[in-house]
Amino acid sequence: MTLAAVADAGPLIHLAEIDSLELVATFDTLLVPETVHKEVDAGGVPDGLADLSYELVEADESRVGTEELDAGERAAIAVAKERGVVLLTDDLAARETASDAGVEVRGSIGVIALGYGRGLLDGHEAASRMRALQRETSLFVTEAVVERGIQMLDGQ
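All of these numbers come straight from a predicted model, not from anything done at the bench.

Novice: With reference to specific residues and values, describe the overall build of the protein.
Specialist: What the protein contains, in helices and strands, is 7 helices and 5 strands. Its helices and strands taken in sequence order, the protein reads β-α-β-α-β-α-β-α-β-α-α-α from the N to the C terminus. By element, 45% of the accessible surface of the protein is carried by carbon and sulfur atoms, the whole surface being about 7800 Å². Considering the protein, the positive charge centre built from 12 side chains and the negative charge centre built from 30 side chains are found 4 Å apart.

Novice: Before we move on, could you go through the nonpolar core and cite the residues and values that matter?
Specialist: Membership of the largest hydrophobic core comes to 36 residues, with the highest contact counts inside it found for Leu21, Val24, Phe27, Leu88, Ile112 and Met130. Look past the residues within four positions of Ile112 in its chain and what remains in contact with it is Leu15, Ile18, Leu23, Leu121, Ala126, Arg129, Met130 and Leu133. Core analysis: the next-biggest nonpolar cluster, separate from the first, contains 18 residues, Ala78, Ala94, Ala98 and Val103 among them.

Novice: Give me the sheet that holds strand S2 (residues 29-33): which residues, what numbers.
Specialist: With respect to topology, 5 strands assemble into an open sheet ordered S3-S2-S1-S4-S5, the strand pairing being parallel. Two strands bound the open sheet, and with one partner strand each, they are strand S3 (55-57) and strand S5 (105-106). When S2 meets S3, the two strands line up parallel, connected through 3 bridges. What sits directly across from Pro33, in S3, is Val57. Contacts between helix H3 (residues 71-83) and the sheet are confined to strand S1 (4-7), S2, S3 and strand S4 (86-88), with S2 contributing the most and set at about 135° to the helix.

Novice: An account of the packing of helix H5 (residues 108-117) against helix H6 (residues 123-136) is requested, with residue identities and associated values reported.
Specialist: Two elements in contact, H5 and H6, have axes separated by 9 Å at closest approach and are oriented at 170°. One way to sum up the angle between H5 and H6 is to call them roughly antiparallel. Mapping the contact onto sequence places Ser108, Ile109, Ile112, Ala113 and Tyr116 in H5 and Gly123, Ala126, Arg129, Met130 and Leu133 in H6. Split into classes, the residues belonging to the contact of H5 with H6 amount to 7 nonpolar, 2 polar and 1 charged.

Novice: Could you give an account of the pairing of S1, with specific residues and numbers?
Specialist: Of the two faces of S1, the one holding Ala4 and Val6 and the one holding Ala5 and Ala7 are both buried throughout. In this view, the connection linking S1 to its parallel neighbour S2 by way of helix H1 (residues 9-17) has right-handed handedness. By the bridge criterion, 3 bridges tie S1 to S4 in an arrangement that is parallel. Counted as the bridge partner of Ala5 is Val86 from S4.

Novice: Tell me about the pairing of S2, and please be specific about residues and values.
Specialist: Of all 5 residues in S2, 4 are buried, a share of seventy percent or more. Pairing analysis gives 3 bridges linking S1 to S2, with the strands arranged parallel. By the bridge assignment, Ala5 is partnered in S2 with Leu30.

Novice: I'd like a rundown of unusual backbone geometry, residues and numbers included.
Specialist: Positive phi outside glycine occurs at Asp19, with the angle close to 55°. Within the secondary structure, Asp19 is located in the loop between H1 and S2.

Novice: Quick one: what's the story with the packing of helix H2 (residues 34-42) against H3, residue by residue and with numbers?
Specialist: Relative orientation of the contacting elements H2 and H3 amounts to 145°, with a least axis distance of 8 Å. Handedness of the crossing formed by H2 with H3: left-handed. Contact with H2, carried on its side by Thr35, Val36 and Glu39, involves Ala71, Gly72 and Ala75 of H3 and no other residues of that element. For the contact of H2 with H3, the per-class residue count stands at 3 nonpolar, 2 polar and 1 charged.

Quick notes on the rules
- Residue positions within a chain follow its written sequence, with the count starting from 1.
- Selection of residues for local features in this predicted model requires a pLDDT of at least 70, selection of side-chain atom pairs for listing and counting requires 80 or more, and totals for whole chains, interfaces and linings are taken over all residues.
- To obtain the side-chain values, all non-hydrogen atoms of the structure were used and water was disregarded.
- Working definition: helices are DSSP H or I runs of at least four residues, strands are E runs of at least two. Numbering for both runs from the N terminus.
- Values of accessible area rely on a 1.4 Å probe in the Shrake-Rupley scheme; residue burial ignores everything except the protein chains shown.
- His residues and chain termini do not enter the charge count, which takes Lys and Arg as positive and Asp and Glu as negative.
- Charged side chains are reduced to one point each, which is NZ for Lys, CZ for Arg, CG for Asp and CD for Glu.
- For our purposes a nonpolar core is just a set of buried Ala, Val, Leu, Ile, Met, Phe, Trp, Tyr and Cys residues, chained together by side-chain atoms within 4.5 Å.
- Burial classification: accessible surface area is computed with a 1.4 Å probe over protein chains only, and a residue below 20% of its type maximum counts as buried, one above 50% as exposed, and the rest as partly exposed.
- The contact definition used throughout considers only heavy atoms, calling two residues in contact when any of these lie within 4.5 Å.
- One bridge is not enough; two strands pair if DSSP finds at least two bridges between them.
- Simply put, an axis is a line fit to the C-alpha atoms, just over the touching stretch for a helix, and the angle between two N-to-C directions goes from 0 to 180 degrees.
- For this classification, under 35 degrees means roughly parallel, over 145 means roughly antiparallel, 65 to 115 means roughly perpendicular, and everything else is oblique.
- Amino acids outside the nonpolar list (Ala, Val, Leu, Ile, Met, Phe, Trp, Tyr, Cys, Pro) and the charged list (Asp, Glu, Lys, Arg) are all regarded as polar, and Gly is one of them.
- For a crossover, the right-handed case is the one in which the path from the first strand over the helix to the second runs clockwise, viewed with the strands pointing away from the viewer.
- Whether a crossing is left-handed or right-handed is set by the direction in which the near helix is turned from the far one by less than a right angle, anticlockwise for left-handed and clockwise for right-handed.

Here it is, written out as structure tokens:
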């Protein structure tokens, strides 16, 4: 089964903060909207992004009309809807907007879980990286969400 995803800036930044950006390569195809690439570039390209294989794509973010999302989130949702791929985002409002539009969503914890499911990490390493997201990154994630992510590992 071929897995394809489009990322907004959040997971690219948060996974890079714990030296886990390579897990995004779990997806066979990774799309990055130009708007997202500019956002990430403005903040300093995360280590490891240049090592990833991804396709830079244009997106019409005006097609996703919600003021609470930034341009990168809107662009990523537009690409996910248009191409029928998974959206990678850690933003709650973006997750809700995408889910309402019928788009499958995964956050950084879900990317780690997928890496475990595809044999790139053992259970201990996956759990450790999920906890590191909470302790060592700019991502706000509750203990309950981390523990639920760890429980997902047991169910795979």
